[in-house]
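Observations on chain architecture
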Amino acid sequence: MSMPRSNCRTSEIFSIVFILLATKLFTNQSLLFAGISGTGAPLSAICSGLVALLVIYISTRRFYLNPDGRNIISLTEKHFGVFGKYLISIILIVYLALSSSYILNEFSHLAKLVAFPTAPLWFAAVFFVVAAFAGASAKEDGILRISKFIAPFLLTTILVLLISVLCQSDFLNLFPILGTGATNTIGKGLSGVTFYSDIVLVFLINPFSTSPKTTKNAIFTASTIAIIINILAILTFTAKIPYPLSQDGDFPMYLLLKEVYYGRFFQRIDAIFLLASSFCGMFSLSVNFCLIAKILAQSFDITHRQATLFPISATIFLLSMGYLPISQTTVSNSLFPMTFVILGIILLIYPLTRKGVEPSHEK
Amino acid sequence: MAFKKLFIYSENTGKSHEPLDNPAPIYHDNNPGKNSYIKNNICDKASYTYTTGMVSPKLSENLDFIKDAFETIKNFDLVIREFSVKLKNTRINAFLIFYDGLSNKEYINRDILSPLMTEGQGLNPEGMPLEDIIYGQLLTQAPNSKIEKMESVIEAVGFGNCAVFVDGCSCAFVADIKGWSSRSVGRPVSEAVLTGPQEAFCESVMPNIALVRKILKDPNLIAENITVGTKSKTPCALMYINGITNISLVKEARRRLKAVDIEYVFSSTDVEMLIEESSLFPLPQLLKTERPDRAASMLANGKVIVMVQGSPFVLVLPATVSDLAETAEDNYVRTLEANFMRFIRIIGCALALLLPGCFISVVLYHHESIPTDLILAIEASREQMPFPIVLELIIMLLAFELIKEASIRVPDPIGSTLGIVGGLILGQSAVSANIASPLLIIIVSISALGAFAAPSVSISRALSVLQFLFIFLGSIAGFLGIALGIFVGIILLSSMNSFGVPYLSVDNFESGSVIIPPIWKRERRPHSLRTQNSQKQPHISRKWKGDDTL
């Protein structure tokens, strides 16, 4: 039966957005808030979350109309020609490569920390790269469908973890609520909005949406849930582990996990946590790899997926392991401005496409 | 009849050659259907039958062709009976052919030879075509057909029919008098149930179709005949319910079956491998059942079934994971019990697949996950073991697989011996010999029990193979390796389709779902099948509830 799936269902869009935004919780990026704001980390997280939500709201509600099934690349080509297409494609590929490198590095560190402290970092990274390669090599359907399994698994894991730690938390650790000062907490803390930078990937997923109207709602709802989960995690983390952090450099979720005690049999559940975090890392990398391959196919007519993915995987692996002359600090620092560049392009292009939207497209 | 040309068979090369004095090819590749049956070239190449591939009005031409096509020189079981049809005062030459053993001789004598040789005497044939007299008034056997294409006649005879050729008739009369020995309807072996029907499919297509029709009694139930195998001409039945099943699904199944280009097909497994999406995928992509009630239930849900002559297992397509989690027993026990057993089966499958790998991961990489006392006990039990734990586990699993495989082959009278040997290997003797630790024996046993709890043998076998992969991954990277295996496995499952239906389709609270609802709640057919009529029963099927007048 010829039933090729070329469109995302709303539930799949929801799951993908949720996973992409919640994945960073497992990285060290969530320490950013504590580093800047101290005990005011939850307030910083709330402010950043609200800003992120506003940006997501504007970019989805106002511009995410998908009038004729085009994504950001085809829209740029339509309005700015081939040059515009190449430019946006390169920006997106660079962003995706940097984001992948960051995720790969962080998750490899986490896996190494949990499972094999004495092994080299590349050993853990190889597993993620293989998973991402396999995930991206499969049809898009595979990634879309697996998201529906990972999202509830991820949500359950995080909630169980937070509830488990909650009973051991001391909420006096949240005071003073402004932490290192109002300027840091509300001003500098806003840079934490970069935590949600992967939302730009939604504009690449755009053309696969079957129902733009419900998709907009799904994106917004998933983003809201992910942001709430992130705020709750940072709140719990700040309440459990007093500032200043004595274990700087460790992953906050991992630190929380080490505190979980379910009785004599499950003395430590961090190994089981590794399964959940690994799924997220592998999934995020698969999505990134898949999108890079799709951009290369769309803009540069490089259509052979496996042949494309091999050099992509190798480059990102080398970049992530520091074998290329770009440090991980540069990589993580460049993600923030690049997010705004892409959002700026989206804000520039999408108003041009708002004409002629037929009601029939709005199911 | 003289042989005009014969192939020369070379003993040295094993290849047949062209006739020495006639280098021209006997049949032409551009029209193989017309005269591809000509082998020994004993018939006149200029004859009508040879040139057109149709039955000739001249009996001798047909006889030559048949003798050549069936190689009667070598084939001793083909019977050619020449006789005369008596019509009033005239006698018309005729002959019939059939395979001894495939056709029923009693029917031939009673319904074909006897009427043709004797009962035409009282008929007045004037003004009526000979074909109509023979077909309409003499041949009493039903089903009966007139066939003009010689190729079709040959196929029909090969399938146990009897073909009658009459001089002056440009068609052959083919009577369906199959009489081969076959197994009757028996009890299901691989899908035995305690409380359900005890009928199973047999090896013949027609009785199998009848078994399904007997259950469904639906005039919309269609059974299409599709022949698979260019030489074996194996009849297959494509069955579906018109008005329910998705037309695209039927078209795709028909297209795949018709597009199979293979010489011989022996079983439904052959057909399964020929029409499934990926042969390397470890899990079955089509469901196999030997139970007519289960096949009928699948048809009622909007699926398509394929029956293959010679196989007691019918193929149900498409198959999804929720179908694979189902057993025949599910429909014959109470809902709560069925759901509990299904849950146990799923847990069993997960244990079979992951437990050995997770055990290795915990012991090698994640000691902290289990109580200190337990890990100390594991280490203490392994003190005397000469092998690394991975090798120990693999040895025990291979030993178990060996016992499993041997138990299938071993004759019943000595079957109990195998149990004793198995008990020794996977028991105290292995522990005493310091080959395996007691905990490892428990792990292997639980894993084996989990695999046996799998709903079908094919899943059980797939799990047994895949668990070695997880052992490998667990041994090199602990839970990270296990995570990689699960992720790639789910990606593969997610990207797999079975006849256009996603393999991981889970239609909750519908028929064929993971959670089995009570029968009155099974209102809709599986959404993933996109059936023509998705409503299976009204919202309220137990109308007696709340209405005392009924």
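Note that this is a predicted model, so its numbers are computed, not measured. (Residues numbered from 1 in each chain as written. Chains lettered and ligands numbered in written order. Predicted model: local features only at pLDDT ≥ 70, side-chain atom pairs only at ≥ 80, totals over all residues. Heavy atoms only, no water.)

1. Quick notes on the overall build of chain A
Operational definition: Numbering of helices and strands runs from the N terminus, with a helix taken as a DSSP run of H or I at least four residues long and a strand as a DSSP run of E at least two residues long. Only protein chains enter the accessibility calculation, which uses a 1.4 Å probe. A residue is then buried if its area is under 20% of the maximum for its type, exposed if over 50%, and partly exposed in between. Only heavy atoms matter for contacts: two residues are in contact if any of them lie within 4.5 Å across the pair. Note on areas: these come from Shrake-Rupley sampling with a 1.4 Å probe, and a residue is covered only by the protein chains present in the view.
Scanning chain A from terminus to terminus reveals 13 helices and zero strands. Along chain A, helices (α) and strands (β) appear in the sequence α-α-α-α-α-α-α-α-α-α-α-α-α when read from the amino end. Sorting the 363 residues of chain A into buried and exposed places 57% on the buried side. The contacts in chain A between residues at least 6 apart in sequence include a share of 84% that link residues at least 24 apart. Accessible area of chain A: about 14100 Å², with a carbon and sulfur share of 70%.

2. Points about the interface of chain A and chain B
The cut-off we apply is this: The term buried area refers to how much accessible surface (probe radius 1.4 Å) is lost by two components on association, counted for both of them together. Salt bridge criterion: a side-chain nitrogen from Lys or Arg within 4 Å of a carboxyl oxygen from Asp or Glu. A 3.5 Å cut-off defines polar contacts: any pair of N or O atoms within that distance qualifies, except that in protein one atom must be a possible hydrogen donor and the other a possible acceptor, and neighbouring residues in sequence count only when both atoms are side-chain atoms. The classification used treats Ala, Val, Leu, Ile, Met, Phe, Trp, Tyr, Cys and Pro as nonpolar, Asp, Glu, Lys and Arg as charged, and all other residues, Gly among them, as polar.
Taken together, the contacts link 39 residues of chain A with 36 residues of chain B. For the pair chain A and chain B, the summed buried surface comes to about 3200 Å²; carbon and sulfur atoms form 71% of the total. On the surface where chain A and chain B come into contact, there are zero salt bridges. Summed over the shared surface of chain A and chain B, the number is two residue pairs in polar contact (both at pLDDT 80 or more). Those elements that place two or more of their residues in the side of chain A that touches chain B are helix H4 (72-114), helix H5 (121-137), helix H6 (140-166) and helix H11 (270-300) of chain A. When residues of the side of chain A that touches chain B are assigned to their parent elements, the largest contribution, 10 residues, is made by H11(A). Residue composition of the side of chain A that touches chain B, grouped by class: 27 nonpolar, five polar and seven charged.

3. Some words on the environment of B:Val410
Residues and elements named next belong to chain B. Position of Val 410 among the secondary structure elements: in the loop between helix H14 (389-409) and helix H15 (415-425). Sequence-wise, Val 410 and Ala 172 are 238 residues apart; in three dimensions their C-alpha atoms are separated by 50 Å. Residues contacting Val 410, with those up to four places away along its chain left out, are Gly 415 and Leu 418.

4. Remarks on the sheet that holds strand E5 (residues 172-175) of chain B
All names here are of chain B. As a reminder of what qualifies: Between any two strands, at least two bridges found by DSSP are needed for them to pair. All axes are obtained by fitting lines to C-alpha atoms, using only the stretch in contact for helices, and the reported angles, taken between N-to-C directions, cover 0 to 180 degrees.
A sheet is described by the order of its strands in space; here five strands give the open sequence E1-E2-E4-E5-E3, paired in antiparallel fashion. Both outer strands of the open sheet, strand E1 (78-87) and strand E3 (144-147), are each paired with one neighbouring strand and no more. Across this sheet, the average inter-strand angle for adjacent strands is 25 degrees, counted without regard to direction. Contacts between helix H4 (residues 105-118) and the sheet are confined to E1, strand E2 (90-99), strand E4 (162-166) and E5, with E1 contributing the most and set at about 30 degrees to the helix.

5. Re the pattern of salt bridges
All names here are of chain B. On inspection of all chains with the given rule, the structure shows 23 salt bridges over all chains. Asp 111 is paired through a salt bridge with Arg 110; the nearest N and O atoms lie 3.0 Å apart. Residue Asp 111 is classed as buried on the basis of its relative accessible area, which comes to 9%. With its nearest N and O atoms 3.1 Å apart, the salt bridge here joins Arg 291 to Asp 293. For Asp 293, a relative accessible area of 12% gives the class buried. Through salt bridges with shared partners, a single network forms among Glu 252, Arg 255, Arg 256 and Glu 277.

6. Remarks on the pairing of E4(B)
Residue and element names in this part refer to chain B. Taken across its five residues, E4 has five buried, putting it largely inside the fold. Along E4, one buried face is formed by Cys 162, Val 164 and Val 166 and the opposite face, lined by Ala 163 and Phe 165, is buried too. Relative to E4, E2 is paired through four bridges, and the arrangement is antiparallel. Bridged to Leu 96 within E4 is Val 164. Where E4 lies against E5, four bridges are found, and the strand directions are antiparallel. Residue Cys 162 lies in a different strand from E5, and its bridge partner there is Ala 175. Remark: five residues form the turn of the hairpin made by E4 and E5, two consecutive strands paired antiparallel; Gly 168 in that turn has positive phi of roughly 95 degrees.

7. Some remarks on the sheet that holds strand E7 (residues 234-241) of chain B
All names here are of chain B. An order of E6-E7-E9-E10-E8 is seen for the five strands of this open sheet, with the pairing classed as antiparallel. The open sheet has two edge strands, strand E6 (221-228) and strand E8 (287-289), and neither has a second partner. Each strand axis lies, on average, 25 degrees off the axis of its neighbour in the sheet, ignoring direction. Two elements, E8 and strand E10 (residues 314-317), share three bridges in a ladder whose sense is antiparallel. Bridging across to E10, Leu 287 finds its partner in Val 316. Relative to E10, helix H9 (residues 268-275) is tilted by about 25 degrees, and along the sheet it contacts E8, strand E9 (304-308) and E10.

8. A closer look at helix H18 (residues 457-495) of chain B
Definition in use: One fewer than the residue count of a helix, multiplied by 1.5 Å, yields its expected span. Values of bend correspond, residue by residue, to the angle between axes fitted over the seven residues ending at that residue and the seven starting there.
Taking 1.5 Å per residue as the helical rise, H18(B) with its 39 residues ought to reach 57 Å, whereas the 24 Å between its terminal C-alpha atoms falls clearly short. The axis of H18(B) is deflected most strongly, by about 140 degrees, at B:Ala477.

9. Details of a nonpolar patch on the surface
Residue and element names in this part refer to chain B. Worth spelling out the cut-off: Note on patches: the residues involved have over 30% relative accessible area and no salt bridge, like charges join within 9 Å, and the nonpolar side chains Val, Leu, Ile, Met, Phe, Trp and Tyr join within 5 Å.
A contiguous nonpolar surface patch, about 680 Å² in accessible area, is contributed by Phe 340, Met 341, Phe 343, Ile 344, Ile 347, Leu 351, Ile 442 and Ile 446. Elements with a minimum of two residues in the nonpolar patch: helix H12 (335-364) and helix H17 (438-452). Per-element tally for the nonpolar patch: the top contributor is H12, with six residues. Positionally, Ile 344 belongs in helix H12.

10. A short note on the packing of aromatic side chains
All names here are of chain B. Definition in use: Stacked, edge-to-face and tilted labels apply to pairs of Phe, Tyr and Trp rings (six-membered ring for Trp) whose centres lie within 6.5 Å, assigned for plane angles under 30 degrees, over 60, and everything in between, in that order. A ring is considered to have a charge above it if a Lys NZ or an Arg CZ atom is located within 6 Å of its centre and within 35 degrees of its normal.
Applying the stated criterion across every chain yields a total of 14 aromatic pairs over all chains. Both rings, one in Tyr 264 and one in Phe 266, keep their centres 6.2 Å apart while their planes meet at 10 degrees; by these two values the pair is stacked. Overall, Tyr 264 belongs to the partly exposed group, its relative accessible area being 40%. On the basis of relative accessibility, which here comes to 61%, the residue Phe 266 falls in the exposed class. Across from the ring centre of Phe 499, 4.1 Å away, lies the NZ or CZ of Arg 256, which sits over that ring. Note that Arg 542 overlies the ring of Trp 520, its terminal NZ or CZ placed 4.2 Å from the centroid.

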